[in-house]
Amino acid sequence: MSTVPAGVVVLDCAEPERLAEFYRELLAAEVVDAQANRVEIRAADGFRLALRRDANATAPSWPRPENSLQAHLEFVVDDLDAVERLIVGLGGRPVETKDATGPLEERGYADPAGHSFTVRCDVPVAPKLG
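Cut-offs applied
- Residues numbered from 1 in each chain as written.
- Predicted model: local features only at pLDDT ≥ 70, side-chain atom pairs only at ≥ 80, totals over all residues.
- Heavy atoms only, no water.
- Helix = DSSP H or I, 4+ residues; strand = E, 2+ residues; numbered from the N terminus.
- Pairing = 2+ DSSP bridges.
- Axes fitted to C-alpha atoms, helices over the stretch in contact; angles between N-to-C directions.
- Contact = heavy atoms within 4.5 Å.

**Describing unusual backbone geometry**
Even without being glycine, Ala-28 reaches a positive phi, approximately 50°. Mapping Ala-28 onto the fold places it in the loop between helix H1 (16-27) and strand S2 (30-35).

**A closer look at the sheet that holds S2**
Pairing is mixed in the open sheet, where 4 strands are placed in the order S1-S4-S3-S2. For this open sheet the edge positions go to strand S1 (9-13) and S2, each flanked by a neighbour on one side alone. Between one strand and the next, the sheet's axes are offset by a mean angle of 20°, whatever the strand orientation. Sheet topology note: the strand S3 (residues 38-42)/strand S4 (residues 48-53) ladder contains 5 bridges and is antiparallel. Its bridge partner being in S4, Val-39 is matched across the sheet by Leu-51. Contacting S1, S2, S3 and S4, H1 crosses the sheet at an angle of about 160° to S4.

In structure tokens form, the structure reads like this:
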């Protein structure tokens, strides 16, 4: 049986250079490939993320249902409040509709291009509801 090695997660966006900078700073990553229409970064733990230019890219509307969550990234962190300050400082925005005060299990955000992602203190074990 053949196996497929881990690849790279690719997000389509209008401005890959700008979005790559957001994730490079957030993940303390390095740019490993930069072309006119695609930028790839790699974090110290080996996680690879590429941002690909799509002039017609539209952001998902999550949490609104009309063009809801299509896929999202999830990051496990030690300090939700510190990471939230970093995300907002880099141009991301909170999208979680719950009260964001205190140590919640997870918090939802959108990157500068509107892709959603979650930060949490533990890896989820329960199924997603809703």
